[in-house]
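Chain by chain, the residues:
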Amino acid sequence: MSEIVGSHDLLLITLDTLRYDVAAELAAAGRIPHLARHLPGGVWEKRHAPGSFTYASHQAIFAGFLPTPAAPGPHPRLFAARFAGSETTASRTFVFDTPDLVSALAGAGYRTVCIGGVGFFNRQGPLGSVLPGMFQESHWEPEFGVASPTSFEAQVTRAEQVVGRLPAEQRLFLFVNVAALHQPNWFHRPGATPEAGDSRATHAAALEYVDAHIGRLFAAAGSRRRCFAIVCSDHGTAYGDDSYTGHRLGHESVWTVPYAHFFLEPGATAC
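Residues numbered from 1 in each chain as written. Predicted model: local features only at pLDDT ≥ 70, side-chain atom pairs only at ≥ 80, totals over all residues. Heavy atoms only, no water.

Remarks on the sheet that holds strand β7 (residues 137-139)
- Pairing is mixed in the open sheet, where 8 strands are placed in the order β3-β2-β12-β9-β1-β8-β6-β7. Both outer strands of the open sheet, β3 (68-69) and β7, are each paired with one neighbouring strand and no more.
- Across 6 bridges, the pairing between strand β1 (residues 9-15) and strand β9 (residues 227-232) is parallel. Paired with leucine 12 across the two strands is isoleucine 230, which belongs to β9.
- The strands that helix α7 (residues 200-221) touches are β1, β8 (171-178), β9 and β12 (256-264); relative to β1, the one it contacts most, it runs at about 170 degrees. (Pairing = 2+ DSSP bridges. Helix = DSSP H or I, 4+ residues; strand = E, 2+ residues; numbered from the N terminus. Contact = heavy atoms within 4.5 Å. Axes fitted to C-alpha atoms, helices over the stretch in contact; angles between N-to-C directions.)

Here is the structure:
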């Protein structure tokens, strides 16, 4: 990352609330082809989330603490604030001297842009303004939020607009928080009803919906120069697992998340 920052555009996508087991099953079954073609070996990496709900996890991610590989460490990090005694800062880590990665990238000449999804990015109150307030430019509309059946399509369209108006020489750090996986997601499964509510199956259908449109986002992000992309979940969620429902709790379905990073090459087309 110490060589990538400054020469590449950067894309960070958090698939908010996506469970690892669902993501892995869909990749193995060929149900998310547009994501799977970018996953190393066609599979998600199993990792542990830095928090059990959106706000906590994103505060950690923006400080350089991405989801941690689900194996004994220590694991060198891609990004890290400079502090004495860090055991996960390596020679290839991008080390910064600001409180967070977003401001560090701005200081390195990047245009930092947030396209929010869930309520912690909606700027409708002080709490919902903290995370998007880290960025030079932030976007949120009700059409991007959890109640919209077309939220991801709307977010991708905004991303295309953001990329399209940037000067060619301007480096970009684009962050997209995808709300489609978060409850309510019942409307992504044909035949589902609000009375039946959300389930593991509707969660999976929401991921298929995201996959159908993510090629456009990858094409936009990689249209200007080589782009380094990170796609991960911030936390999972429970659907009755061991009688647990939701997140902000310490269950395997919440702590275990999918992760991948890869390069997007200039000129790649959406699919």
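So, next bit.
Some details on the packing of helix α1 (residues 20-28) against α7
- At a minimum axis distance of 10 Å, the contact between α1 and α7 shows a crossing angle of 60 degrees. Judged on the interaxial angle alone, α7 and α1 are oblique. Handedness of the crossing formed by α1 with α7: right-handed. The residues of α7 that touch α1, namely those facing Asp21, Val22, Ala23, Glu25 and Leu26, are Arg200, His203, Ala204, Leu207 and Glu208.
- In terms of residue class, the contact of α1 with α7 is made up of 5 nonpolar, 1 polar and 4 charged. (Parallel < 35°, antiparallel > 145°, perpendicular 65-115°, else oblique. Left-handed = near helix turned anticlockwise from the far one by under 90°. Nonpolar A, V, L, I, M, F, W, Y, C, P; charged D, E, K, R; others polar.)

Topic: the UniProt feature "domain: Sulfatase N-terminal" (unreviewed entry) in the protein chain
- UniProt's feature table lists "domain: Sulfatase N-terminal" (unreviewed entry) at residues 10-252, given in the numbering used throughout.
- Helix makes up 29% of residues 10-252 and strand 20%, whereas the separation of the span's terminal C-alpha atoms amounts to 30 Å. (UniProt positions renumbered as here; feature names shortened; annotations may be inferred.)

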